[in-house]
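Secondary and tertiary structure notes
If you want the building blocks of each chain, they are given just below.
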Amino acid sequence: MLTRRTFVAASLLATASPAFAVMPAASDPVTILTAIYTRAAKGKGDGGGAFVIETKAAKAQYLSKALNGLWAKADAHTPKGDVGPIDFDPVTNSQEPDVKSFKVDAEKMEADKAIIAVTITGHRNDRKPADQIMRYDFVREANGWRIDDIKGSSDGEAWSIRKMLTDSLKS
């Protein structure tokens, strides 16, 4: 079933430029997210961050091996012709990305894991304050820091990419 959310996500994926899909040279989580959101905020801020998940290569660059593997299992479990378990832009937490500005805060930094919060301000003011904050769990792998989960809320309801993917395997 093609939903509006799926259509927007698919449109974002189709228009994302592969030239920007490269991980920034500095490999710390704050720098990685700053680069992602700088790109998402360009222009009218409606380009989104789906480039992080648009291809297998992009997922390998940005996501942990564990999250990437879980995503591949969930995609393989999705019946042919159906929408995958993630049908929105998880970077902007929206069907219709809107990033005017952002603030990146390291909430917890350890040698092998980190939690980074990103507060998004849009051009529109149609989101609840809690829905403007995204949290990224990072893990350090042999090839650098990678996103291991993305968490946010939509209309005040908490969600997690890892949980959505795991739940999709139960159906």
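The rules behind these values
- Every chain's residues receive numbers from 1 upward, in the order its sequence appears when written.
- Where local features are concerned, this predicted model is filtered to residues with pLDDT of at least 70; where side-chain atom pairs are given and counted, the filter is 80 or more; whole-chain, interface and lining totals use all residues.
- By convention in this description, side-chain values take in all heavy atoms of the structure and omit both hydrogens and water.
- Paired strands are those between which DSSP finds at least two bridges.
- A run of H or I in DSSP becomes a helix once it reaches four residues, and a run of E becomes a strand once it reaches two; helices and strands are each numbered from the N terminus.
- One confidence number per residue, pLDDT, is output by the predictor and ranges from 0 to 100.
- Relative accessible area decides the class of each residue, using a 1.4 Å probe on protein chains only: under 20% of the type maximum gives buried, over 50% gives exposed, and in between gives partly exposed.
- Structural elements are reduced to axes, namely lines fitted to C-alpha atoms, with helices fitted over the stretch in contact, and the angle between N-to-C directions of any two is expressed from 0 to 180 degrees.
- Residue contacts follow a heavy-atom distance rule, with two residues in contact if any of their heavy atoms lie within 4.5 Å.
- Residues grouped as a nonpolar core are buried Ala, Val, Leu, Ile, Met, Phe, Trp, Tyr and Cys residues, joined through side-chain atoms within 4.5 Å.
- The charge count includes Lys and Arg as positive and Asp and Glu as negative, but it does not include His or the ends of the chains.
- The term salt bridge refers to a side-chain nitrogen of Lys or Arg lying within 4 Å of a carboxyl oxygen of Asp or Glu.

With seven bridges connecting them, strand E2 (residues 113-121) and strand E3 (residues 133-141) associate as antiparallel partners. Bridge pairing in E3 places Ala 114 opposite Phe 138. Bridge count for E3 against strand E4 (residues 144-154) is seven bridges, and the pairing is antiparallel. Residue pairing across strands places Phe 138 opposite Ile 147, the latter belonging to E4. Between the end of E3 and the start of E4, which pair antiparallel, lie two residues.

This paragraph deals with the confidence of the model for the chain. Of the residues in the chain, 81% have a pLDDT of 70 or more, and the chain-wide mean is 80. The secondary structure element of the chain with the lowest average pLDDT is helix H1 (residues 4-15), at 35, and the one with the highest is E3, at 96.

Attention now goes to the environment of Lys 151. In this structure, Lys 151 sits in strand E4. The partly exposed category is assigned to Lys 151, whose relative accessible area is 35%.

Turning our eyes to something else, we now look at the sheet that holds strand E1 (residues 101-109). Strands sit in the order E1-E2-E3-E4-E5 across an open sheet of five strands; the sheet is antiparallel. Strand pairing shows two members of the sheet lacking a second neighbour, E1 and strand E5 (157-160), which therefore form its edges. Strand-to-strand twist across the sheet, computed as the mean angle between neighbouring axes with direction ignored, equals 25°. Note that E4 and E5 share four bridges and pair antiparallel. Opposite Gly 152, over in E5, you have Trp 159 as the bridge partner. Along the sheet face, helix H2 (residues 29-41) touches E1, E2, E3 and E4 and points at about 165° away from the line of E1. Set on the sheet, helix H5 (residues 161-168) makes contact with E4 and E5; between it and E5 the angle comes to about 75°.

Where a protein is soluble and globular, its nonpolar side chains tend to be buried together. By size, the foremost hydrophobic cluster in this structure holds 33 residues, and its most contacted members are Leu 33, Ile 36, Tyr 37, Tyr 136, Phe 138, Ile 161 and Leu 165. Every element with two or more residues in this core is listed here: H2, helix H4 (65-77), E2, E3, E4 and H5. Counting residues per element, this core draws most heavily on H2, which supplies six residues.

The next subject is the side chain of Glu 141. Counting through the fold element by element, Glu 141 comes out in strand E3. Despite its burial, Glu 141 remains without a salt bridge, the nearest opposite charge being carried by Arg 146 at 5.0 Å. Those residues in contact with Glu 141, other than ones at most four positions away along the chain, are Ser 64, Lys 65, Ala 66 and Arg 146.

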